[in-house]
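Secondary and tertiary structure notes
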Amino acid sequence: MAEIQDDFERAADPALSTRPGYYGGFGGRFVPEPLMAALEELDYALQGVCEDPVFRRELERLLRDFAGRPTPLYHARNMSREAGGAAIYLKREDLCHTGSHKLNNSLGQCLLASHMGKSRVIAETGAGQHGVACATAAALLGLECEVYMGEVDIERQAMNVFRMELLGARVIPVGTGSRTLKDSVNAALRDWVENVRTTHYCMGSVVGPHPFPAMVRRFQSVIGVETLEQFDEVEGRLPDIVVACVGGGSNSIGIFSPFIGKGPTLVGIEAGGVGSSPGEHGGSLCLGDVGVLHGAMSYLLQDEDGQVAETHSVSAGLDYPGVGPEHAYLKENGLATYELVGDDEALEAALFLTRGEGILPALESAHAVAYARRTAETLGPDKRIVVCLSGRGDKDIDTLRERFG
Amino acid sequence: MSNRLMEMFENVRGRRGVLIAYATGGFPDMASSREVILAMLDAGADAVEIGIPFSDPVMDGPVIQSASCDALSRGATPAGMLELAAGVREQAKKPVLLMTYFNPVFRYGLENFAADAVLCGVDGVVIPDLPAEEMGPWKAASDAARLATVPFCSVTTSLERIDLISTMATGFIYCVSLLGTTGVRKSVSPELGPFLERVRERTDAPLAVGLGISTPEQCAEVGRYADGVIVGSALVREVAGSGGDLAGLREMVRGMSGALIGICSSM
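The following paragraphs examine the structure supplied in this document. (Residues numbered from 1 in each chain as written. Chains lettered and ligands numbered in written order. Predicted model: local features only at pLDDT ≥ 70, side-chain atom pairs only at ≥ 80, totals over all residues. Heavy atoms only, no water.)

Once that is clear, we can look at the overall build of chain A. Broken down by element type, chain A carries 16 helices and 14 strands. The C-alpha atoms of chain A give 19 Å as radius of gyration, which agrees with the globular expectation for 405 residues (22 Å, within 12%). Of all intrachain contacts in chain A linking residues separated by at least 6 positions in sequence, the fraction that spans at least 24 positions is 74%. Carbon and sulfur atoms make up 48% of the accessible area of chain A, which totals about 13400 Å². (Helix = DSSP H or I, 4+ residues; strand = E, 2+ residues; numbered from the N terminus. Rg over C-alpha atoms; globule rule 2.2 N^0.38 Å. Contact = heavy atoms within 4.5 Å. Areas by Shrake-Rupley, 256 points an atom, 1.4 Å probe, with all protein chains shown as cover.)

Right, dumping it as structure tokens:
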């Protein structure tokens with residue numbers, strides 16, 4: 001798997017040139033002082049393992065034999081025909097072990113935690129996909145794992161809660177604030193402040209203080225690196241559009257990474273929810289303002305006093321008021337564009353892909369599918385769209401049954 | 001440094017440690033909040049730190065989280081907390097500090113916030129999620145307004161970073177000797193003495209210790225090493241359970257303040 005080896009070099013951040021840990025004016029380390037030493041230690045360890053052939057070989061082996069990489073790039077002929085225009089390809093992260101791209105990052109971070117001598121990992125989770133991926137990697141590597149999850153999410157993602165428990169992880173309910181993803185990040189940060197000497201915080205997205213956005217990008221860039229090669233093999237060129245959903249933004253940064261500034265139009269899809277008023281959506285980049293949440297300067301949904309706003313999305317993974325700082329940089333510099341897709345259109349797209357291709361996508365990924373569907377019909381047959389199908393939809397069965405059952 | 005803060009530390013030097021009492025602004029409600037603060041100052045606190053409630057207080061434990069949430073639901077805003085500080089300033093000559101997370105300050109505008117804070121009689125601002133590396137713009141705004149900056153230093157902080165933190169402190173250094181969020185703890189960290197010695201060797205700024213201090217005995221123990229002691233959750237918990245009767249709160253502050261008399265840093 002030579003392509004993974006190159007992955008680390010190719011994922012080197014072009015944007016990280018201004019100040020360490022910053023993407024232009026975004027990013028940084030806005031965290032309580034007790035965490036600063038841990039972030040420095042993590043940054044140092046990360047640089048070490050990136051140059052360590054033993055670590056890299058071990059991660060390549062796990063990605064290939066345990067996670068099932070590379071995942072296929074699939075030409076969705078039925079969907080392309082029905083949309084009636086551009087050809088649509090799906091990068092099948094739904095076929096990655098545990099059912100989403102989240103495992104790419106969890107394997108990398110848990111392996112790193114082991115190398116750092118940490119015996120315990122903690123994680124936050126919204127939909128439960130990152131929690132399951134982290135619990136899986138922890139089970140594999142013999143690490144103690146505790147996952148913070150909002151009480152609202154525990155209720156709507158009961159299957160994933162039990163999966164984590166089966167894997168030997170402890171799920172800790174978070175009953176403060178909005179009791180969703182944002183509050184489970186707060187709870188995990190508080191745990192980390194207290195247990196920083198023994199514990200690694202396995203953050204699930206390209207959010208948080210430096211080096212988390214750069215590290216998660218690095219581990220997720222395997223998606224884009226594979227896509228670039230697979231697409232080139234089939235089409236002998238670059239795609240015209242690459243589209244992915246954006247909650248915190250890890251699958252999108254992963255697939256965007258080798259294409260940034262290289263020609264393809266990069267489109268991130270945020271949760272349009274049920275409307276554009278506060279509390280009705282998760283459109284941090286489309287409808288938010290610059291601010292600081294969870295340790296980084298980025299775009300943020302907030303009120304006039306700087307209090308973080310409530311959000312809504314039919315998909316728990318996009319139900320988050322912040323977004324990774326590199327996305328803020330890409331937006332400000334015109335390197336990527338960001339659009340909204342609402343709950344209804346995403347649900348319809350999930351059904352469309354299920355019936356048309358026999359693929360049940362996660363509702364998060366269905367947002368990107370919906371955008372590809374509506375865009376393909378406006379383009380000629382010579383155009384090519386790649387969609388990051390970040391996860392499978394089994395976890396969303398109850399929501400789909402409520403809607404279509 | 002603000003004159004009031006400087007005088008506070010100088011006036012007691014060699015005689016006793018200073019007691020800085022924390023109150024969540026707007027808790028249990030706006031009017032009572034002012035009474036709570038004035039009662040603590042009257043009962044012997046040398047300064048007060050007013051917490052501006054924030055929706056995502058990652059440095060705070062359950063007691064202050066809950067008080068913040070309650071105050072927010074009653075409409076507490078940064079502007080309202082500045083008014084509260086101004087009201088306290090009318091009645092008291094002692095130093096008034098604000099404690100808040102960075103986003104509300106950033107949203108308000110750094111220069112505007114620093115200028116308005118000074119107008120309201122505030123002497124310094126404590127921002128727990130603004131480490132020294134990110135503090136430059138805020139320190140510039142504070143310096144221009146003659147408002148004191150209070151960076152944090154923790155038991156995990158490296159010597160190099162203690163030096164950097166020292167350059168950011170125009171008020172005092174807020175030292176955190178145990179790992180964790182705000183809240184009541186049974187005992188003082190055994191790492192406290194060596195930790196404060198390390199910091200003391202590298203800075204002239206006064207050192208105040210906060211986090212986990214809840215009894216007069218703990219105040220006295222910490223006062224042997226530090227110039228000041230910051231007490232938060234224990235006082236907020238007392239307010240929450242008081243039903244409006246502040247006699248218990250006064251008693252508690254009097255006890256802590258008394259325990260610091262004759263105690264001074266041996267370092």
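All names here are of chain A. Spatially, four strands are ordered E7-E6-E5-E8 in an open sheet, and the strand pairing comes out parallel. In the strand order of this sheet, the two ends are held by strand E7 (170-174) and strand E8 (199-201), each with one partner. Each strand axis lies, on average, 25 degrees off the axis of its neighbour in the sheet, ignoring direction. Judged from the six bridges that link them, strand E5 (residues 120-125) and strand E6 (residues 144-150) form a sheet pairing that is parallel. Each residue of the ladder has a partner; that of Thr125, found in E6, is Met149. (Pairing = 2+ DSSP bridges. Axes fitted to C-alpha atoms, helices over the stretch in contact; angles between N-to-C directions.)

On to the sheet that holds strand E3 (residues 96-99) of chain B. Strand-to-strand pairing in sheets goes through backbone hydrogen bonds, with the strands running parallel or antiparallel. Residue and element names in this part refer to chain B. One open sheet accounts for nine strands, arranged E5-E4-E3-E2-E1-E9-E8-E7-E6; its pairing is parallel. Single-partner strands in this sheet number two, and they are strand E5 (148-149) and strand E6 (152-154). By the bridge criterion, two bridges tie strand E8 (residues 207-210) to strand E9 (residues 228-231) in an arrangement that is parallel. Each bridged residue has a counterpart across the sheet, and for Val209 the counterpart in E9 is Val229. Seen against the sheet, helix H2 (residues 30-42) touches strand E1 (18-24) and strand E2 (47-51) and runs at an angle of roughly 170 degrees to E1.

Take the side chain of A:Asp343 next. Residue and element names in this part refer to chain A. Locating Asp343 in the fold gives a position in helix H14 (residues 343-357). Although Asp343 lies buried, it forms no salt bridge, and the closest oppositely charged side chain, Arg403, sits 7.2 Å away as judged by the N-O distance. A distance of 2.6 Å separates the side chain of Asp343 from the side chain of His312, its partner in a polar contact. Among all residues touching Asp343, those that are not within four sequence positions of it are Gly273, Val274, His312, Ser313 and Val314. (Buried < 20%, exposed > 50% of the residue type's maximum accessible area, 1.4 Å probe, protein only. Lys, Arg positive; Asp, Glu negative; His and termini not counted. Salt bridge = Lys/Arg side-chain N within 4 Å of Asp/Glu carboxyl O. Polar contact = N/O pair within 3.5 Å; in protein donor to acceptor, adjacent residues only side chain to side chain.)

Residue-level contacts link 36 residues of chain B with 37 residues of chain A. Surface buried jointly by chain B and chain A totals about 3000 Å² across both partners, of which 53% is contributed by carbon and sulfur atoms. The tally of links between chain B and chain A comes to 18 residue pairs in polar contact (both at pLDDT 80 or more). Of all the secondary-structure elements, those providing two or more residues to the side of chain B that touches chain A are helix H3 (62-73), helix H5 (102-108), E6 and helix H8 (159-168) of chain B. The element that contributes the greatest number of residues to the side of chain B that touches chain A is H5(B), accounting for five residues. Taken together, the residues of the side of chain B that touches chain A sort by class into 19 nonpolar, nine polar and eight charged. (Buried area = accessible area lost by both parts, 1.4 Å probe. Nonpolar A, V, L, I, M, F, W, Y, C, P; charged D, E, K, R; others polar.)

To continue, consider unusual backbone geometry. The omega torsion of the bond from A:His210 to A:Pro211 falls at 15 degrees, within 30 degrees of zero and hence cis. Position of A:Pro211 among the secondary structure elements: in the loop between E8 and helix H10 (212-235). The step from B:Phe27 to B:Pro28 runs through a cis peptide bond, and the omega angle for that step is 0 degrees. Here B:Pro28 is to be found in the loop between E1 and H2. The phi torsion at A:His294 lies on the positive side, around 50 degrees, for a residue other than glycine. Positionally, A:His294 belongs in the loop between strand E11 (289-293) and strand E12 (296-300). You can call A:His294 buried: its relative accessible area is 5%.

So, to be careful, I would describe these as geometric facts and stop short of saying anything about function.
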